[in-house]
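Each chain, letter by letter, is given below.
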Amino acid sequence: MRFELTLTVNPAKRGSLLPLNYQYELSSWIYKVLNEGDARFASWLHNHGYKAYNRPFKLFTFSNLIIPEYRIHDGLIEIISKEISLILSFLPDEAISPFINGLFKGKDFIIGNKSNQVALEISRVIAIPEIEFKERMIFQTISPIFLSTKHQNSDKQTHLSPTSQGYSDLIHQNLVEKSKTTPNLLQIKEFPRTQIKLLNTPKSKLITLKSGSHQMSKIRAFNYTFEITGHPDLISVGYYAGFGRLGSQGFGCVILY
């Protein structure tokens, strides 16, 4: 299930300048709204998510803020538009659907850092119609896709470009692992190999999470348009829960191209 949130900007309250790195704060706000809807569910989702192979997955993702009119200067986004929007996407599941509908409408929040903040109010929530999934589809990222590999005998990671060798295999592996949390996909023993074909030049984006804290980390992710071939149900997992890693922190959200 997907929702489009229309956000009204209130520059008189906090200003109109937003740091370029806002994904972590946006993710924290989403969890806060879920917590207000049902504290037990939000705690479970945050700490455990859905489990497959003893690994936690938080099976939702969201887009970058969609800002029709803006200016970039000094590491800040100056929001000129009176209204902006956000796409929220959750892997369909009967167990969580009652918690999602109606939670967001009318909420207001402040996003940013200590120096620059923007006040937003959700004026409209629209459910986005489901799409038909096929063995071949074309998508465009609306938040960058992040994939990484660990070095042997080390905690060091390499953040991968879509042009890296084995990239499609890692996308496939990530989708299969997420699918194991979905009851209607459990009976499928083996999926045909997922393949990614780039349709434009990937654009690198370096994103700082938890900026200014001792837990600060930098993520290099990529925006691009791509053709994907594979099992339609597996492609649907990527569409709803995000392609690649860290979907619940605002990575891997796509739309039809």
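Provided above is the structure to which this section pertains.
Being a predicted model, the structure only gives us computed values, none of them experimental. (Residues numbered from 1 in each chain as written. Predicted model: local features only at pLDDT ≥ 70, side-chain atom pairs only at ≥ 80, totals over all residues. Heavy atoms only, no water.)

## Section: the overall build of the protein
What the protein contains, in helices and strands, is six helices and 18 strands. Counting across all 257 residues of the protein, residues that qualify as buried make up 47%. Put simply, of all contacts in the protein between residues at least 6 apart along the chain, 73% involve residues at least 24 apart. Summed over its atoms, the accessible surface of the protein is roughly 13,300 Å², and 48% of this surface lies on carbon and sulfur atoms. (Helix = DSSP H or I, 4+ residues; strand = E, 2+ residues; numbered from the N terminus. Buried < 20%, exposed > 50% of the residue type's maximum accessible area, 1.4 Å probe, protein only. Contact = heavy atoms within 4.5 Å. Areas by Shrake-Rupley, 256 points an atom, 1.4 Å probe, with all protein chains shown as cover.)

## Some words on the sheet that holds strand β8 (residues 83-90)
Each strand in a sheet pairs with another by means of backbone hydrogen bonds, the pair being arranged parallel or else antiparallel. Across the sheet, five strands lie side by side as β5-β8-β1-β10-β9; this open sheet has antiparallel pairing. Each edge of the sheet is formed by a strand with only one pairing partner; in this case those strands are β5 (60-62) and β9 (108-112). Put simply, the sheet's adjacent strands are angled 35 degrees from each other on average, direction ignored. Of the pairings in the sheet, the one linking β9 to strand β10 (residues 117-128) comprises five bridges and is antiparallel in character. Note on β10: the bridge partner recorded for isoleucine 110 is alanine 119. Contacts from helix α2 (residues 23-37) reach β1 (2-9), β5, β8, β9 and β10 within the one sheet, and its direction differs from that of β5 by about 130 degrees. Along the sheet face, helix α6 (residues 232-241) touches β1, β5 and β8 and points at about 55 degrees away from the line of β5. (Pairing = 2+ DSSP bridges. Axes fitted to C-alpha atoms, helices over the stretch in contact; angles between N-to-C directions.)

## Examining the sheet that holds strand β2 (residues 17-19)
Reading across the sheet, the three strands line up as β2-β7-β6 and stay open at both edges, with antiparallel pairing between neighbours. Across the chains shown, the open sheet's two edge strands, defined by having one partner strand only, are β2 and β6 (70-73). Averaged over all adjacent pairs, the angle separating strand axes in this sheet is 30 degrees, with direction ignored.

## Here we look at α2
Think of an α-helix as turning once every 3.6 residues; residues three or four places apart then point the same way. A rise of 1.5 Å per residue sets the reference length of α2, with its 15 residues, at 21 Å; its end C-alpha atoms lie 21 Å apart and thus fit the reference within 8%. Within the sequence span of α2, burial applies to Gln23, Leu26, Ser27, Trp29, Ile30, Tyr31, Val33 and Leu34. (Expected span 1.5 Å × (residues − 1).)

## What about the packing of helix α5 (residues 167-179) against α6?
Relative orientation of the contacting elements α5 and α6 amounts to 85 degrees, with a least axis distance of 9 Å. In terms of orientation, α5 lies roughly perpendicular with respect to α6. Contacts between α5 and α6 pair His172, Leu175, Val176, Lys178 and Ser179 from the former with Leu234, Val237, Gly238 and Ala241 from the latter. Here the residues of the contact of α5 with α6 are counted per class, giving five nonpolar, three polar and one charged. (Parallel < 35°, antiparallel > 145°, perpendicular 65-115°, else oblique. Nonpolar A, V, L, I, M, F, W, Y, C, P; charged D, E, K, R; others polar.)

## Concerning the nonpolar core
Residues Leu5, Leu7, Leu26, Trp29, Leu65, Leu86 and Phe104 are the most contacted members of the largest nonpolar core, which totals 30 residues. Taken together, the elements giving at least two residues each to this core come down to β1, α2, β5, β7 (76-79), β8, β9 and β10. The element best represented in this core is α2, accounting for six residues. Formed by 26 residues, the second largest nonpolar core is a distinct cluster that contains Ile196, Tyr224, Tyr240 and Val254. (Core = buried A, V, L, I, M, F, W, Y, C linked by side-chain atoms within 4.5 Å.)

## Quick word on a nonpolar patch on the surface
Residues Leu20, Tyr70 and Ile72 make up a contiguous nonpolar surface patch of roughly 280 Å² in combined accessible area. Note that tyrosine 70 resides in strand β6. Tyrosine 70 gets classed as partly exposed once you look at its relative accessible area, which sits at 44%. (Patch = residues over 30% accessible without salt bridge, like charges linked within 9 Å, V, L, I, M, F, W, Y side chains within 5 Å. Salt bridge = Lys/Arg side-chain N within 4 Å of Asp/Glu carboxyl O.)

## Looking at the pattern of salt bridges
If you walk through the whole model with that rule in mind, you get three salt bridges. With a closest N to O distance of 3.2 Å, glutamate 78 and arginine 71 form a salt bridge. Note on arginine 71: relative accessible area 46%, which makes it partly exposed. With a shortest N-O distance of 3.0 Å, glutamate 227 and arginine 136 are connected by a salt bridge. Residue glutamate 227 is found in strand β17 (residues 225-229), and its partner arginine 136 is found in strand β11 (residues 136-141); the two are separated by 91 residues along the sequence. Glutamate 227 gets classed as buried once you look at its relative accessible area, which sits at 15%.

## Examining α6
A large share of α6 lies buried, amounting to eight of its ten residues. Along α6, the residues classified as buried are Leu234, Ile235, Ser236, Val237, Gly238, Tyr239, Tyr240 and Ala241. After α6 finishes, the residue glycine 242 shows a positive phi value of roughly 105 degrees.

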